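Coordinate analysis (summary)
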Amino acid sequence: MRLLVTGGAGFIGSNFIRHILTKYKDYKIINLDKLTYAGNLDNLKDVEKNKNYEFVKGDICDAEIVNKLAAKVDVIINFAAETHVDRSIGSPEDFIRTDIFGTYTLLEAAKENKLKFLQISTDEVYGSIEKGSFKENDRLNPSSPYSSSKAGAELLAHSYFVTFGVDVLVTRSSNNYGPYQYPEKLIPVFITNAMEDKSLPIYGDGQQVRDWIYVIDNCEAIDLVLHKGKSGEAYNIGGGNEKTNMYITKKILELTKKPESLINYVKDRPGHDRRYSVDCKKINALGWKPRYDFDKAMKETVQWYRQNKWWWEKIKTGEYKKYYIEHYHERHGLK
Ligand code: NAD
Ligand code: TYD
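This text gives an overview of the structure that appears in the document. (Residues numbered from 1 in each chain as written. Chains lettered and ligands numbered in written order. Predicted model: local features only at pLDDT ≥ 70, side-chain atom pairs only at ≥ 80, totals over all residues. Heavy atoms only, no water.)

**Quick word on the packing of helix α6 (residues 186–195) against helix α8 (residues 245–256)**
Under the convention used in this document: Angular values range over 0 to 180 degrees, each being the angle between N-to-C directions of two axes fitted as lines to C-alpha atoms, with helices fitted over their stretch in contact. For helices the rule is a DSSP run of H or I covering at least 4 residues; for strands it is a run of E covering at least 2, with both sets numbered from the N terminus onward. A clockwise turn of the near helix away from the far one marks a right-handed crossing, whereas an anticlockwise turn of less than a right angle marks a left-handed crossing. It only takes one pair of heavy atoms within 4.5 Å for two residues to be counted as in contact. Classification used: nonpolar for Ala, Val, Leu, Ile, Met, Phe, Trp, Tyr, Cys and Pro, charged for Asp, Glu, Lys and Arg, polar for all others including Gly.
The N-to-C vectors of α6 and α8 enclose an angle of 35 degrees; their axes lie 10 Å apart at closest approach. Both α6 and α8 take part in a crossing whose hand is right-handed. Between α6 and α8, the contacting residues are Leu186, Ile187, Phe190, Ile191, Ala194 and Met195 on the first element and Asn245, Ile248, Thr249, Ile252 and Thr256 on the second. Residues belonging to the contact of α6 with α8 are distributed by class as follows: 8 nonpolar, 3 polar and no charged.

**Observations regarding α8**
Going by this rule: Under the convention used throughout, the expected extent of a helix is 1.5 Å for every residue step, that is, one less than its residue count. Classification of residues uses two cut-offs on accessible area relative to the type maximum, computed with a 1.4 Å probe and protein chains only: under 20% is buried, over 50% is exposed, and between them is partly exposed.
Between its first and last C-alpha atoms α8 spans 16 Å; for 12 residues at 1.5 Å apiece the expected length is 16 Å, and the two agree. With 9 of 12 residues buried, α8 lies mostly within the body of the structure. Buried-residue contacts for α8 involve α6, β8 (200–203), β9 (209–211), β12 (242–244), β13 (263–266) and α10 (294–307).

**Focus on the packing of aromatic side chains**
Where two aromatic rings form a pair, the distance of their centres and the angle of their planes describe that pair. The line we're drawing: Side-chain rings of Phe, Tyr and Trp, where Trp is taken by its six-membered ring, are said to pair if the distance between their centres is within 6.5 Å; with planes under 30 degrees apart they count as stacked, over 60 as edge-to-face, and otherwise as tilted.
Per the counting criterion, the structure on display carries 16 aromatic pairs. An angle of 50 degrees between the planes, with centres 5.3 Å apart, marks the rings of phenylalanine 101 and tyrosine 104 as tilted. Taken as a pair, phenylalanine 101 and tyrosine 104 lie in helix α4 (residues 93–113) at a separation of 3 residues, close to a single helical turn. By relative accessible area, phenylalanine 101 is classed as partly exposed at 42%. With relative accessibility at 34%, the residue tyrosine 104 sits in the partly exposed group.

**Topic: helix α2 (residues 63–70)**
Short version of the rule: What the arc measures is the spread of directions leading from the helix axis to the C-beta atoms. The definition of a polar contact used here is a pair of N or O atoms within 3.5 Å, where within protein one atom must be able to donate a hydrogen and the other to accept one, and adjacent residues in sequence count solely through side-chain atom pairs.
Along α2, the positions that sit buried rather than exposed are Ile65, Val66, Leu69 and Ala70. An end-on view of α2 places all buried positions within 130 degrees of arc, on one side of the element. Residues of α2 that are exposed and point over 90 degrees away from its buried face: Glu64 and Lys68. Those residues of α2 hidden inside the fold are in contact with β1 (2–6), β2 (28–33), β3 (53–57) and α4. With a side-chain oxygen positioned 3.1 Å from the backbone nitrogen of glutamate 64, the residue opening α2 is aspartate 62.

**Things to note about the packing of α4 against helix α5 (residues 145–164)**
Any two packed helices are characterised by the angle at which their axes cross and by the distance between the axes. Short version of the rule: Angle categories are assigned with fixed cut-offs, so that under 35 degrees is roughly parallel, over 145 is roughly antiparallel, 65 to 115 is roughly perpendicular, and the rest are oblique.
Contact geometry for α4 and α5: axes closest at 8 Å, N-to-C directions at 15 degrees. Compared by their axis directions, α4 and α5 come out roughly parallel. Relative to α5, α4 is oriented so that their crossing is right-handed. Mapping the contact onto sequence places Phe95, Asp99, Ile100, Thr103, Tyr104, Leu107, Glu108 and Lys111 in α4 and Tyr146, Ser149, Lys150, Ala153, Leu156, Ala157, Tyr160 and Phe164 in α5.

**Looking at the environment of glycine 232**
Take glycine 232: it is sitting in the loop between α7 (215–228) and β11 (234–237). Along the sequence, glycine 232 and leucine 118 sit 114 residues apart, while their C-alpha atoms lie 9.9 Å from each other. Those residues in contact with glycine 232, other than ones at most four positions away along the chain, are His158, Phe161 and Val168.

**Some points on the nonpolar core**
Selection rule: By nonpolar core we mean a set of buried residues, namely Ala, Val, Leu, Ile, Met, Phe, Trp, Tyr and Cys, connected to one another through side-chain atoms within 4.5 Å.
Leu3, Phe16, Ile77 and Ile283 are the most contacted members of the largest nonpolar core, which has 73 residues in total. The biggest single contributor to this core is α7, with 8 residues.

**Some words on the site of ligand 1**
To be explicit about the condition: Any residue with a heavy atom positioned within 4 Å of a molecule or strand is treated as near that molecule or strand. What sets the accessible areas is the Shrake-Rupley method with a 1.4 Å probe; for residues, cover comes only from the shown protein chains.
Taken together, 28 residues surround ligand 1, and among them Ile12, Asp33, Thr83, Tyr146 and Lys150 come closest. Here a nitrogen atom of ligand 1 sits 3.1 Å away from a polar atom, N or O, in the main chain of lysine 34. Within the side chain of threonine 83, a nitrogen or oxygen atom sits 2.7 Å from an oxygen atom of ligand 1. Compared with its free state, where it exposes 850 Å², ligand 1 has 97% of that area covered by protein. Those elements giving two or more residues to the shell around ligand 1 turn out to be α1 (11–23), β5 (116–122) and α5. The residue makeup of the shell around ligand 1, split by class, is 11 nonpolar, 13 polar and 4 charged.

**A closer look at the pattern of salt bridges**
Cut-off, in case you're wondering: Here, a salt bridge means any side-chain nitrogen of Lys or Arg that lies within 4 Å of a carboxyl oxygen of Asp or Glu.
Per the counting criterion, the structure on display carries 24 salt bridges. With its nearest N and O atoms 3.6 Å apart, the salt bridge here joins lysine 34 to aspartate 59. One end of the pair, lysine 34, is in the loop between β2 and β3; the other, aspartate 59, is in the loop between β3 and α2, with 25 residues separating them in the sequence. Note that arginine 172 and glutamate 154 form a salt bridge whose closest N and O atoms lie 2.6 Å from each other. Taken together, the positions of arginine 172 in strand β6 (residues 167–173) and glutamate 154 in helix α5 put the pair 18 residues apart, joining distant regions of the chain. Given a relative accessible area of 4%, glutamate 154 falls into the buried group. In this structure, a network of salt bridges that share partners links the residues Lys34, Asp59 and Arg97.

Written out as structure tokens, the structure reads:
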């Protein structure tokens, strides 16, 4: 199989590329990535010389480059997106452009070249749920510009299945954690801040719930949907580890051996979803369940950030620092 993976220089995409190249020795991957602030070729240093791997710097909104690459592959797997809820509140425009228009550009190429199209979506498209878990056919009810742009993208993808017969698949995973996650998301921000003796900013009361999945479990589920998923269908992928943000925070402090005095309650995120939860019976029936134990994988994740300071220390300077001082700190009432 020849795969066009978009957004492969990001967190999940890079883990997925490594997973595929290791497991399928005869698969070829082209990674199309714009290298935004979140894209980082350091994430793929160990595979860049693999003869089955090629990197192309480019934008998924650029039809010319997309069409050129689409002619060389059998499948498009679209990881490329603007992904951070907080940034989508501050400046939604890039989310609309990449997540929706970019997906449209890729769908057109899939239609013209008769390719399979796998859209990497998120459990956030359902919005918040107080009790119980969302099933795939439940209404999409997103809250943030990020989750709305992701919902728009997957609805568009579904329309290409219904209207044009494109072989479309969708995955909706819960919150991932693991190596190479950009230090703006909860777990890598808190691990690296703790290691630097910086405060851990908890939004609101810290009782929001997310269902954490180790990134390799998600990669294995995406792999299964790619090979065995039914055309036109969406699949929930949950880790089965629903935890409050406060629980995660205390776990990180325990693993980094840092004091609870680092906890800093800050102004809540506007429109903050209280709880995400997905029912995974559909993907379980396809033959997947998570393999990684939460406590063990969290321990290994902390260990990875401890051993790979070269990776995150250079990210957390320069532009990153400027962004957090100008936007994030201001919005959350931090000094
Ligand atoms: P990430 O922010 O780490 O990486 C996104 C990648 O996309 C980066 O490499 C970036 O350079 C690239 N990109 C952005 N705009 C682009 C454009 N216009 N053209 C080409 N490349 C572009 O994201 P992630 O956490 O790895 O998430 C990957 C996908 O999984 C996203 O679609 C996201 O919505 C989805 N998802 C993520 C999570 C999670 O917990 N991280 C959970 C569910 C779903
Ligand atoms: P995040 O990693 O941004 O993922 P998402 O919002 O897409 O679920 O945030 C996870 C949870 O952690 C969410 O409830 C917001 C909260 N959070 C904090 O309390 N402090 C932080 O600094 C960050 C980044 C997130």
